[in-house]
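# Survey of secondary and tertiary structure
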Amino acid sequence: MQLAPPAEFGFSFHDYARVLRAYKENGYAVTGFGEYIRNPQPKHVVLRHDLDNSIDQALRVARIDAQEGCASSIFVRVHARGYNLMSLPALAALREMEDMGHEVGLHLEGGINEVLGGNNNDWADRQRTVFEAALNRSLIGFSSHEPARMGGIEFADNLLERWSDTVTHHAYEDRFTTPTMKYLSDSSGNWREGHFGLWVGKEPLMQVLTHPFWWFDKVPAENY
Ligand SMILES: [Zn+2]
């Protein structure tokens, strides 16, 4: 009887960096959304990180992105219980991310109105206000957290139009998702269509979403 071989790619930072390197060596540009819009390449990975719980963990991933010559779009919440955008460590982390060339955006969420009243549009505006105060600049992009909770992609599309004074994109626009762009996500620590390391060279245009919570140096317990 043979033991199963270890999976080719896992969730270690080592594997993560190795995969980014593979995309670069295969001729892909790896950037955030804004850079893709401004300067799309024939082979292009839009790399996205949604920060559901922690900015610290995301900073570790953002540093690896930069070390490997990649940039990413990093989306932060304003209603998170685990972090406060206005805390000094968070402000410093956000600045470091931007200094590394990454693009910080709003991870927009719904549901607050179900408890406190108002509607998703009012609460979206309040999230934008807090985000812009923390970043000290206008919002340019957002990604939806649990999109089904706030009217799905249609809500995001309408909001994009309403916010078009400065906002140029949201992550689930048709131009960034399958079939226009192959969309892969590590949601719940599970790559439904296989680890992004298995997709190098298979599709020219890709959006890869990771949640830094799932990634670790030596063991997952570093993160919780
Ligand atoms: Zn989320």
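Provided above is the structure to which this section pertains.
In this report, we go over the structure that sits alongside the text. (Residues numbered from 1 in each chain as written. Predicted model: local features only at pLDDT ≥ 70, side-chain atom pairs only at ≥ 80, totals over all residues.)

The next thing to look at is helix α4 (residues 88–99). In a regular helix each residue adds 1.5 Å, so twelve residues correspond to 16 Å; α4 covers 16 Å between its end C-alpha atoms and thus fits that length. Listing the buried residues of α4 in full gives A93, L94 and M97. Each buried residue of α4 sits inside an arc of 100° when the element is viewed along its axis, so together they form one side. Of the residues in α4, the exposed ones pointing more than 90 degrees away from the buried face are L88, A92 and D99. As for α4, its buried residues are in contact with α3 (55–67), β3 (73–76), β4 (103–109) and α6 (120–135). (Helix = DSSP H or I, 4+ residues; strand = E, 2+ residues; numbered from the N terminus. Expected span 1.5 Å × (residues − 1). Buried ≥ 20, exposed ≤ 12 C-beta atoms within 10 Å, placed from the backbone. Arc of directions from axis to C-beta. Contact = placed C-beta atoms within 7 Å.)

Once that is clear, we can look at the pairing of β3. With burial as the criterion, each face of β3 is covered, one bearing S73 and F75 and the other bearing I74 and V76. Sheet topology note: the strand β2 (residues 44–51)/β3 ladder contains four bridges and is parallel. Within the sheet, the bridge partner assigned to R48 lies in β3 and is S73. Judged from the four bridges that link them, β3 and β4 form a sheet pairing that is parallel. Of the residues in β4, the one forming a bridge with F75 is G105. In the classification by handedness, the crossover that spans β3, the intervening α4 and the parallel β4 is right-handed. (Pairing = 2+ DSSP bridges. Right-handed = clockwise from strand over helix to strand, strands pointing away.)

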